[in-house]
Amino acid sequence: MGPMVLPTYEYRCQSCNVKSSFFVRSMRQKLSPSCPECQSGDMERVISPVSFKMSSGTGAQSDYYRDSSSIGRNVERSYKKFGVDMPESVRKTIDDARRGKMPKGLDL
Ligand SMILES: [Zn+2]
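Residues numbered from 1 in each chain as written. Predicted model: local features only at pLDDT ≥ 70, side-chain atom pairs only at ≥ 80, totals over all residues.

A.B. asks: Whenever I open this one, the overall build of the protein chain confuses me. Can you help?
C.D. replies: Counting its secondary structure elements, the protein chain contains 2 helices and 3 strands. Taken from the N to the C terminus, the helices and strands of the protein chain come in the order β-β-β-α-α. When burial is assessed residue by residue, the protein chain has 12% of its 108 residues classed as buried. Residue pairs at least 24 apart in sequence account for 53% of intrachain contacts in the protein chain once pairs closer than 6 positions are excluded. (Helix = DSSP H or I, 4+ residues; strand = E, 2+ residues; numbered from the N terminus. Buried ≥ 20, exposed ≤ 12 C-beta atoms within 10 Å, placed from the backbone. Contact = placed C-beta atoms within 7 Å.)

A.B. asks: Hey, could you run me through the sheet that holds strand S3 (residues 43-46) in this one?
C.D. replies: What links the strands of a sheet is backbone hydrogen bonding, and the strands pair in either a parallel or an antiparallel sense. Strand order across the open sheet formed by 3 strands is S2-S1-S3, with antiparallel pairing between neighbours. Edge positions in the sheet fall to strand S2 (19-23) and S3, since each has one partner strand and no second. Within this sheet the neighbouring strands show an average axis-to-axis angle of 40°, counted without direction. Of the strand pairs in this sheet, strand S1 (residues 8-13) and S3 are connected by 4 bridges, and their pairing is antiparallel. (Pairing = 2+ DSSP bridges. Axes fitted to C-alpha atoms, helices over the stretch in contact; angles between N-to-C directions.)

A.B. asks: Looking at this model, I keep getting lost on the environment of Met86. Mind explaining?
C.D. replies: Here Met86 shows up in the loop between helix H1 (73-81) and helix H2 (88-98). Taking the C-alpha atoms as reference points, Met86 and Val75, 11 residues apart in sequence, are found 8.9 Å from one another. With near-sequence residues (within four places) excluded, Met86 lies in contact with Glu76, Tyr79 and Arg91.

A.B. asks: Could you clarify how one ought to interpret the nonpolar core in this entry?
C.D. replies: Generally speaking, soluble globular proteins have nonpolar side chains that are buried together. Among the nonpolar cores identified, the biggest contains 5 residues, and these are Tyr9, Tyr11, Cys13, Cys35 and Met43. Element by element, the count of residues in this core is highest for S1, at 3 residues. Excluding residues that lie within four positions of it along the chain, Met43 makes contacts with Tyr11, Arg12, Cys13, Gln14, Pro33, Ser34 and Cys35. (Core = buried A, V, L, I, M, F, W, Y, C linked by C-beta atoms within 7 Å.)

Right under this line is the structure:
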């Protein structure tokens, strides 16, 4: 298990398209997040194959997940940065996601 990594769920606001991360305290916790920008409760889960984040930058990424080819790009970058080979399972998940296939069983 990886106690160093806090699981985060990413959601994108359907109203203003701002993406936000929410920490999950319990694996079974049901999140009903609301947008920090506009308080809308209309949030859509964004699939993030790996939940660790290198920076907590906000904004500027609102268009990021519209382009499926950019899915996993910063994951790849993160692995590279640490000089770690990307596990096959992560690789496959990213490839699938880029093909529009939503990964299953990724609820960390
Ligand atoms: Zn919003």
